[in-house]
Amino acid sequence: MGYLEEMLVRNGVIYRAPDGSSSYIEGSLVSNSLVVRNSSGWVTHRIERAANGVDLVVRNVTTGLVETRVKV
């Protein structure tokens, strides 16, 4: 598991359910960013570059709010 995935698991963006279902990170061709999909395949979060161009932000797709930042 990579650093980004570990951080998202710690912050509750990606979950691992006891029944084996989980959310996962996937590349998005439409928005040129990474997305987090739930076990049903729906996009829940978008991972984008921050305004400073270096860090990453994790944005909730439903609310549009930034939930966490990843220092790179």
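Refer to the structure printed above.
Residues numbered from 1 in each chain as written. Predicted model: local features only at pLDDT ≥ 70, side-chain atom pairs only at ≥ 80, totals over all residues. Heavy atoms only, no water.

K.L.:
Hey, could you run me through the environment of Val70 in this one?
P.N.:
Counting through the fold element by element, Val70 comes out in strand E5 (residues 66-70). As a C-alpha pair, Val70 and Leu4 span 66 residues in sequence and 7.8 Å in three-dimensional space. Among all residues touching Val70, those that are not within four sequence positions of it are Tyr3, Leu4, Met7, Asp55 and Leu56. (Helix = DSSP H or I, 4+ residues; strand = E, 2+ residues; numbered from the N terminus. Contact = heavy atoms within 4.5 Å.)

K.L.:
I keep staring at the nonpolar core and nothing clicks. Help me out?
P.N.:
Where a protein is soluble and globular, its nonpolar side chains tend to be buried together. Core analysis: the biggest nonpolar cluster contains nine residues, these being Leu4, Met7, Leu8, Val13, Ile14, Val36, Ile47, Val58 and Val70. The greatest single-element share of this core, amounting to three residues, is contributed by helix H1 (residues 3-10). With sequence-adjacent residues up to four places away left out, Leu8 is seen in contact with Val13, Ile14, Ile25, Val36, Ile47 and Val58. (Core = buried A, V, L, I, M, F, W, Y, C linked by side-chain atoms within 4.5 Å. Buried < 20%, exposed > 50% of the residue type's maximum accessible area, 1.4 Å probe, protein only.)

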